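# Summary of the model geometry
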Amino acid sequence: MSSHTSQQIPGVYRRKIGDILVTSISDGYLDGTLDVMRNVDLERAGQILRDAFRPARRTSVNTFLIQSNGRMALVDTGSGNYMAPTAGFVQRNLAAGGIDPRAIDTVLLTHMHPDHSAGLTDMTNGELLFPNAELVMHENEPAHWFDDGALAKANEREAKLFFQAGREQVAPYRKRTRLFKQGEVFPGVTAIPSHGHTPGHTAYLVASGNEQLMIWGDTVHVPEVQTAFPEAGMAFDTDLAAAAASRKRMFDRVSVDRVLIAGMHLHFPAFARLARRGDAYALYPEAWVHTLEVN
Ligand SMILES: [Zn+2]
């Protein structure tokens, strides 16, 4: 009999989009309750999770490595040591995938929440975890999270976890930060502003040949509930109504276009498609393949 270990296989999954290689790198997951949801009946939301054989909210945290035109970008960086011991595994999983973080030339952020930007800097020694990367994000993100007026309106938890964490993680990259409004931000990658969850929240459309992938960021946090009730948002949406409008626009676009999607909080490895079902939507995870096709 072989011995076995409790350690699972690393959270690394590769998918080709035309000539571009996209690798889903897991940061782990965050467990919690549904109390953070807004604009939805929590009883019904709980029933949806139980019907999906998920007794509680388990939120995957994913990042995506994009290899395009000889260059390498990482979309988001995971949560570092800010959130929970079940997350913070981006560096470990990059290593497991044979990726040297020094080879990553660009970090694209969907937004500056700690489960996305807190893997940028090691705060125990101030070291940049992506020492050769340019940091790229929508101009509204630092404009908001570095705004002392906005900070003054935040509650204590938001001030610490969002404003302070965002600032201390992003500041060391100040001299190598590029801000955008929209457009192509990396070879084959177009920024799709999708504001509301945060003021500069952005999705990234990866396109090569006739293939596309929409990395939709935090369009959903609880996929089972928000595909059933697209109105449903989160307590930490900066603007609940704008976030819901962006979510509906994104749902409409990717379901009409039948485009492959990937999400920071879809269950790992997080490649899926969305289909309209009456007033709601259904999410279909893509079947995984054992061996990447080499073309
Ligand atoms: Zn998030």
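Summary of the structure given here. All of these numbers come straight from a predicted model, not from anything done at the bench.

The subject of this paragraph is the pattern of salt bridges. Summed over all chains, the structure comprises 11 salt bridges. The shortest N-O distance in the salt bridge between arginine 71 and aspartate 105 comes to 3.0 Å. You can see arginine 71 sitting in strand E5 (residues 71-75) and its partner aspartate 105 sitting in the loop between helix H2 (90-96) and strand E6 (106-108), a full 34 residues away along the chain. For arginine 71, a relative accessible area of 33% puts it in the partly exposed group. With relative accessibility at 21%, the residue aspartate 105 sits in the partly exposed group.

On to the packing of aromatic side chains, then. Geometry of an aromatic ring pair is reported as the spacing of the ring centres plus the angle between the planes. Tallied over the entire structure, the rule returns 8 aromatic pairs. Measuring from centroid to centroid gives 6.5 Å for phenylalanine 162 and phenylalanine 236, while their planes differ by 70°, and the two rings are edge-to-face. Taken as a pair, phenylalanine 162 in helix H6 (residues 156-170) and phenylalanine 236 in the loop between strand E15 (233-234) and helix H8 (240-257) lie far apart in primary sequence, 74 residues in all. What makes phenylalanine 162 buried here is its relative accessible area of 8%. Among the aromatic residues, those joined into a cluster by ring pairs are Trp145, Phe162, Phe163 and Phe236. One residue, arginine 58, lies across the ring of tyrosine 29, its end atom 4.0 Å from the ring centre. Its guanidinium or amino end placed over the ring of phenylalanine 89, arginine 92 lies 4.3 Å from that ring's centre, counting from NZ or CZ.

This part takes up the sheet that holds strand E17 (residues 271-277). With mixed pairing, 7 strands are arranged side by side in an open sheet as E11-E12-E13-E14-E16-E17-E18. The strands lining the two open edges of the sheet, one partner per strand, are strand E11 (183-186) and strand E18 (280-285). Between one strand axis and the next, the sheet turns by 35° as a mean value, whatever way the strands run. Taken together, the 2 bridges between strand E16 (residues 260-262) and E17 define a ladder with antiparallel strand orientation. Within E17, the position partnered with alanine 262 by the bridge is phenylalanine 271.

Time to look at empty space enclosed by the protein. One pass over the structure, following the stated rule, counts 2 cavities of 30 Å³ or more. What the largest cavity holds in volume is close to 50 Å³. If you trace the largest cavity, you find it lined by Ser194, His197, His201, Asp218, Thr219, Ala243, Ser246 and Arg247. Residues of the lining of the largest cavity, tallied by class, amount to 1 nonpolar, 5 polar and 2 charged. One number sums up the size of the second largest cavity: a volume of about 40 Å³. Along its surface, the second largest cavity is lined by Leu49, Arg54, Arg57, Arg58, Thr59, His221, Val222, Pro223, Glu224 and His267. Counting residues per element, the ones that place at least two in the lining of the second largest cavity are strand E4 (57-68) and helix H7 (223-228). A total of 3 residues in the lining of the second largest cavity trace back to one element, the largest contributor, which is E4. Considering only residue class, the lining of the second largest cavity consists of 3 nonpolar, 3 polar and 4 charged.

So, how was this worked out
Residues numbered from 1 in each chain as written. Predicted model: local features only at pLDDT ≥ 70, side-chain atom pairs only at ≥ 80, totals over all residues. Heavy atoms only, no water. Salt bridge = Lys/Arg side-chain N within 4 Å of Asp/Glu carboxyl O. Helix = DSSP H or I, 4+ residues; strand = E, 2+ residues; numbered from the N terminus. Buried < 20%, exposed > 50% of the residue type's maximum accessible area, 1.4 Å probe, protein only. Phe/Tyr/Trp six-rings, centres within 6.5 Å; stacked < 30°, edge-to-face > 60°. Lys NZ or Arg CZ within 6 Å of the ring centre and 35° of its normal. Pairing = 2+ DSSP bridges. Axes fitted to C-alpha atoms, helices over the stretch in contact; angles between N-to-C directions. 1 Å grid on protein atoms, 1.4 Å probe; cavity = no way out; pocket = protein on both sides within 12 Å on 5 of 7 lines; lining within 4 Å. Points joined across faces, edges and corners; volume = space filled by probe spheres on them. Nonpolar A, V, L, I, M, F, W, Y, C, P; charged D, E, K, R; others polar.

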